[in-house]
Amino acid sequence: MSEGIKCQNCGKTISEDEIFTTDGKTLCEDCYIDVGHRIRVCDPWGERSKKIFRKSHGLEGTDGLTDLQKKIYEYIQEKGKATRAELMENFSLPAAEMENQFAILRHCQLLKGKKEGDTVYLVLW
Ligand SMILES: [Zn+2]
């Protein structure tokens, strides 16, 4: 209730670890993915394999991801958590591309945002 951030598209209240920004707009995950026509979410997986992954959380978890998405996932797996800025620097990603990759990984329930103090980290789902 203290966090009064609203999605500028659908008006849903979103917490700081669920925010996506594009073209200066603050959006929730769903709207970001709707707007971000450049990104294709979890295509190789489908709903069914997503559920299987969620159950097993096994080694095949990153199947169907791009090499970059795998690297980001593995990086966070190794470190435990990372900020967007850290990932952008490590993988030479522009901010918009970082948002895209995170949106995909979040939608696949591989990574999520986690707020600690004033910093939002990306952590394993
Ligand atoms: Zn929205």
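Residues numbered from 1 in each chain as written. Predicted model: local features only at pLDDT ≥ 70, side-chain atom pairs only at ≥ 80, totals over all residues. Heavy atoms only, no water.

A. Geometry of the packing of aromatic side chains. Applying the stated criterion across every chain yields a total of 3 aromatic pairs. Ring centres 5.7 Å apart and planes at 80° place the aromatic pair Tyr75 and Phe91 in the edge-to-face group. On the criterion of sequence distance, the pair formed by Tyr75 in helix α3 (residues 67-79) and Phe91 in the loop between α4 (84-90) and α5 (95-107) is long-range, its members being 16 residues apart. Just as Tyr75 is buried, Phe91 falls in that class too. Ring pairs connect the aromatic residues Phe20, Tyr32 and Phe102, which therefore count as one cluster. The positively charged end of Lys81 is found above the aromatic ring belonging to Tyr121, 4.4 Å away from the centroid. (Phe/Tyr/Trp six-rings, centres within 6.5 Å; stacked < 30°, edge-to-face > 60°. Helix = DSSP H or I, 4+ residues; strand = E, 2+ residues; numbered from the N terminus. Buried < 20%, exposed > 50% of the residue type's maximum accessible area, 1.4 Å probe, protein only. Lys NZ or Arg CZ within 6 Å of the ring centre and 35° of its normal.)

B. Region of the structure containing the packing of α3 against α5. Two numbers describe how α3 lies on α5: the axes approach to 11 Å, and their chain directions differ by 75°. Looking at the two axes, α3 sits roughly perpendicular to α5. Touching Leu68, Gln69 and Ile72 of α3 are Gln101, Ile104 and Leu105, all from α5. (Axes fitted to C-alpha atoms, helices over the stretch in contact; angles between N-to-C directions. Parallel < 35°, antiparallel > 145°, perpendicular 65-115°, else oblique. Contact = heavy atoms within 4.5 Å.)

C. The pairing of strand β4 (residues 111-116), seen in detail. In the sheet, β4 pairs with strand β5 (residues 119-124) via 6 bridges, with the strands oriented antiparallel. Paired with Gly113 across the bridge in β5 is Leu122. (Pairing = 2+ DSSP bridges.)

D. Spatial organisation of α3. When the terminal C-alpha atoms of α3 are compared, their 18 Å separation across 13 residues agrees well with the 18 Å that a helix rising 1.5 Å per residue should span. Along α3, the residues that are buried comprise Gln69, Ile72, Tyr73, Tyr75 and Ile76. Angular distribution of buried residues about the axis of α3 spans 160°; they occupy a single face of the element. The outward face of α3, more than 90 degrees from its buried face, is lined by the exposed residues Asp67 and Glu78. (Expected span 1.5 Å × (residues − 1). Arc of directions from axis to C-beta.)

E. Broad picture of unusual backbone geometry. In this model, Asp23 sits at a positive phi of 50°, which is unusual for a non-glycine residue. Within the chain, Gln109 stands out as a residue other than glycine whose phi angle is a positive 60°. Following the sequence through the fold, Gln109 ends up in the loop between α5 and β4.

F. Representation of the coordination of the zinc ion in the model. Coordination of the zinc ion by the protein comes from Cys7 (SG), Cys10 (SG), Cys28 (SG) and Cys31 (SG), over a distance range of 2.2 to 2.3 Å. One chain supplies every donor to the zinc ion, and in sequence these donors are spaced C-x2-C-x17-C-x2-C. Taken as a pair, Cys7 in the segment before β1 (20-22) and Cys28 in the loop between β2 (25-27) and α1 (29-35) lie far apart in primary sequence, 21 residues in all. Assessed through its relative accessible area of 3%, Cys7 is described here as buried. (Donors = N, O, S within 2.8 Å, 3.2 Å for Na, K, Ca; no water.)

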